[in-house]
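The residues making up each chain are set out below.
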Amino acid sequence: MARYRVELYRDARGYSQVLEFFNALRKSNPKLLAFAQRLLKNLEEHGPDLRPPLAKPLKGLQAPIWELRHPSGLRLYYWRQGATLFVVAAGEVKKRDEADPDLLEFAVKAYRESQRNVN
C-alpha cells in the first residue's frame, strides 16, 4: 500500500493540464505515458524521500515546485500539500535544457490557488 497520495491538479473549472498531457501521451507515445505512471508510483511510495536525479526542487520560483524527471525529457511538476499528499499540476517532454516557462508559471498559479482553497 502506498504511503503517500498523489492527485492531479484541476482548476475551479475542472481543467487539468497534466491530465490532458497524459491523454496526448496515450495517443502519441504510450511508452512515455508508462514512464509517467511509474514516476507517479514512485512518488506515492517514496514521497519526500525521492532525490535527484528522479526528483528535484526548482529554484527561483515563487512556490515550492518540484519536478519528477525521466531521462527521456519527461517532466512532471508538483508540490507537497500537507503530510501525505502530493499534487501534480503539469507535465511536458522537454526539448531543451530549460523547462517551459509558461508551464512553470501555470504550476505556480495552480499552487497558489490550491493554497487559497486550503486556508
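Right, let's walk through the structure included here. (Residues numbered from 1 in each chain as written. Predicted model: local features only at pLDDT ≥ 70, side-chain atom pairs only at ≥ 80, totals over all residues. Heavy atoms only, no water.)

## Here's the deal with helix H2 (residues 30-46)
Each turn of an α-helix holds 3.6 residues, which means side chains three or four residues apart point in the same direction.
Piece 1. Counted at 1.5 Å a residue, the expected span for H2 with its 17 residues is 24 Å, and the 24 Å between its end C-alpha atoms agrees.
Piece 2. Taken together, the buried positions of H2 are occupied by Leu-32, Leu-33, Phe-35, Ala-36, Leu-39, Leu-40 and Leu-43. Relative to the axis of H2, the buried residues are bounded by an arc of 160° and lie together on one face. With respect to the buried face of H2, the exposed residues turned more than 90 degrees away are Pro-30 and Lys-31.
Piece 3. Elements in contact with the buried residues of H2: strand E1 (5-8), helix H1 (17-28), strand E3 (66-69), strand E4 (74-81) and strand E5 (85-93).
Piece 4. Positive phi appears at Gly-47, one or two residues downstream of H2, with a value of about 45°. (Helix = DSSP H or I, 4+ residues; strand = E, 2+ residues; numbered from the N terminus. Expected span 1.5 Å × (residues − 1). Buried < 20%, exposed > 50% of the residue type's maximum accessible area, 1.4 Å probe, protein only. Arc of directions from axis to C-beta. Contact = heavy atoms within 4.5 Å.)

## Quick notes on the pattern of salt bridges
Pairing is possible between side chains of opposite charge, provided their charged atoms come close.
Piece 1. Applying the stated criterion across every chain yields a total of eight salt bridges.
Piece 2. Across the salt bridge formed by Arg-5 and Glu-7, the nearest N and O atoms sit 2.7 Å from each other.
Piece 3. Look at Glu-7 and you get partly exposed, because its relative accessible area is 34%.
Piece 4. Across the salt bridge formed by Glu-67 and Arg-69, the nearest N and O atoms sit 2.7 Å from each other.
Piece 5. Taking relative accessible area as the criterion, Glu-67 reaches 2% and is therefore assigned buried.
Piece 6. Judged by its relative accessible area of 22%, Arg-69 falls in the partly exposed class.
Piece 7. The structure contains a network of salt bridges with shared partners spanning Glu-67, Arg-69 and Arg-75. (Salt bridge = Lys/Arg side-chain N within 4 Å of Asp/Glu carboxyl O.)

## Structural notes on the packing of H1 against H2
Piece 1. Two numbers describe how H1 lies on H2: the axes approach to 6 Å, and their chain directions differ by 140°. The angle between H1 and H2 places the two elements in the oblique class. Across the interface between the two elements, Phe-22, Leu-25, Arg-26 and Ser-28 from H1 touch Pro-30, Leu-32, Leu-33, Ala-36 and Leu-40 from H2.
Piece 2. Considered class by class, the residues forming the contact of H1 with H2 number seven nonpolar, one polar and one charged. (Axes fitted to C-alpha atoms, helices over the stretch in contact; angles between N-to-C directions. Parallel < 35°, antiparallel > 145°, perpendicular 65-115°, else oblique. Nonpolar A, V, L, I, M, F, W, Y, C, P; charged D, E, K, R; others polar.)

## Remarks on the nonpolar core
Piece 1. Ranked by size, the top nonpolar core spans 21 residues in total, and within it Phe-22, Leu-68, Leu-74 and Leu-76 carry the most contacts.
Piece 2. Contributions of two or more residues to this core are made by H1, H2, E4 and E5.
Piece 3. Among the elements that line this core, the one with the most residues is H2, at seven residues.
Piece 4. When neighbours within four sequence positions are excluded, Leu-76 is seen to be in contact with Val-18, Phe-21, Phe-22, Ala-36, Leu-39, Leu-40, Trp-66, Glu-67, Leu-68, Val-88, Ala-90 and Gly-91.
Piece 5. Core analysis: the next-biggest nonpolar cluster, separate from the first, contains 17 residues, Val-87, Ala-89, Ala-107 and Val-108 among them. (Core = buried A, V, L, I, M, F, W, Y, C linked by side-chain atoms within 4.5 Å.)

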